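# Observations on the three-dimensional arrangement
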Amino acid sequence: MECQNGHSMTGTSTGAPSSGQGTVKVYCENCGVGYETSFRIEGRGVRTKATIFPATGSKTISRDVTRRLLALWETANEEYEKKGYEVIRESPTILGVSVGN
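Residues numbered from 1 in each chain as written. Predicted model: local features only at pLDDT ≥ 70, side-chain atom pairs only at ≥ 80, totals over all residues. Heavy atoms only, no water.

### A closer look at helix H1 (residues 63-82)
For H1, built from 20 residues, the straight-helix expectation of 28 Å at 1.5 Å per residue is met to within 8% by its first-to-last C-alpha distance of 28 Å. Listing the buried residues of H1 in full gives Val65, Thr66, Leu69, Trp73, Asn77 and Tyr80. Along the long axis of H1, the arc covered by the buried residues comes to 120°, so they all point the same way. One or two positions beyond H1, positive phi appears at Gly84, with a value near 95°. (Helix = DSSP H or I, 4+ residues; strand = E, 2+ residues; numbered from the N terminus. Expected span 1.5 Å × (residues − 1). Buried < 20%, exposed > 50% of the residue type's maximum accessible area, 1.4 Å probe, protein only. Arc of directions from axis to C-beta.)

Here's what the structure looks like:
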């Protein structure tokens, strides 16, 4: 995946489903645009949240990148559902103004 400036994006994670909670961060090492998702397992349910952030020093983020990052989050949610969890999606937070198509 590339950011809105054509840079490759990288990811990090903490925690694991076996620990009951964790976070995944996907971001551009060059400009800083990206997202962080968190999950917390609650019985047979899992609560997930996504926060999308613009490039360092920017107040805008392209709609295309926003859509792609939300699609990644939704893919992770679908994986939890395949494992039999009821997914509780908190409203995503977008820390910037979406611009473009």
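Having seen the structure, we can now continue with the description.
### Examining the packing of aromatic side chains
What the rule picks out here adds up to two aromatic pairs. Between Phe39 and Tyr80 the ring centres are 5.8 Å apart and the planes differ by 45°, which places this aromatic pair in the tilted class. Of the two residues, Phe39 is situated in strand E3 (residues 34-42) and Tyr80 in helix H1; the sequence distance between them amounts to 41 residues. A residue is classified by how much of its surface remains accessible, and Phe39, at 9% relative accessible area, is buried. Ring geometry for Tyr80 versus Tyr85: centroids 6.2 Å apart, planes at 85°, classification edge-to-face. (Phe/Tyr/Trp six-rings, centres within 6.5 Å; stacked < 30°, edge-to-face > 60°.)

### Description of the pattern of salt bridges
A side chain with one charge may pair with a side chain of the opposite charge, provided their charged atoms come close. If you walk through the whole model with that rule in mind, you get seven salt bridges. One salt bridge in this structure joins Arg47 and Glu90, with 3.7 Å as the shortest N-O distance. Taken together, the positions of Arg47 in strand E4 (residues 45-53) and Glu90 in the loop between strand E6 (86-89) and strand E7 (93-94) put the pair 43 residues apart, joining distant regions of the chain. Taking the relative accessible area as the measure of exposure, Arg47 reaches 25% and is therefore partly exposed. Residue classification places Glu90 among the partly exposed positions, given a relative accessible area of 28%. For the salt bridge of Lys82 with Glu79, the shortest nitrogen-to-oxygen distance reads 3.5 Å. One end of the pair is Lys82 and the other is Glu79, both in helix H1 and three residues apart, which spans about a single turn. (Salt bridge = Lys/Arg side-chain N within 4 Å of Asp/Glu carboxyl O.)

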